[in-house]
Amino acid sequence: MYALIIPASTPFVLLAAVMGLSWWEDHILPAPSAEPVNAPAEAPFAPAAPAQLAELPLVETALTREAVGR
């Protein structure tokens, strides 16, 4: 009977550990500041041009030395 207690209580022990860590994070750890102190001002990333993909050989063409060499 005691052999069944450990496997049956494992989910509850893990849940209690997660809830305890969550409480500890909320109440014990210092709160993050509203603004980062030395945060660099970054422009939003916008690619200059879309990437060009290499042209793949057609399925119908047999693999020859020139097709493999690309």
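Criteria and thresholds
- Residues numbered from 1 in each chain as written.
- Predicted model: local features only at pLDDT ≥ 70, side-chain atom pairs only at ≥ 80, totals over all residues.
- Heavy atoms only, no water.
- Helix = DSSP H or I, 4+ residues; strand = E, 2+ residues; numbered from the N terminus.
- Buried < 20%, exposed > 50% of the residue type's maximum accessible area, 1.4 Å probe, protein only.
- Areas by Shrake-Rupley, 256 points an atom, 1.4 Å probe, with all protein chains shown as cover.
- Expected span 1.5 Å × (residues − 1).
- Bend = angle between axes of the 7 residues up to and from the residue.
- Patch = residues over 30% accessible without salt bridge, like charges linked within 9 Å, V, L, I, M, F, W, Y side chains within 5 Å.
- Salt bridge = Lys/Arg side-chain N within 4 Å of Asp/Glu carboxyl O.

Trainee: Sorry, what's going on with the overall build of the chain here?
Mentor: Assigned secondary structure in the chain consists of two helices and zero strands. Burial statistics for the chain: of 70 residues in total, 1% are counted as buried. Carbon and sulfur atoms make up 68% of the accessible area of the chain, which totals about 7,500 Å².

Trainee: Is there a simple way to explain helix α1 (residues 5-27) in this structure?
Mentor: Quick reminder: α-helices carry 3.6 residues per turn. Residues three or four places apart thus point the same way. Taking 1.5 Å per residue as the helical rise, α1 with its 23 residues ought to reach 33 Å, and the 32 Å between its terminal C-alpha atoms agrees with that figure. At P11, α1 is deflected by roughly 35 degrees, the largest bend along its length.

Trainee: I tried to follow a nonpolar patch on the surface on my own but got confused; where do I start?
Mentor: On the surface, L21, W23, W24, I28 and L29 cluster together into a nonpolar patch covering about 540 Å² of accessible area. Mapped onto the secondary structure, L21 falls in helix α1. Assessed through its relative accessible area of 56%, L21 is described here as exposed.

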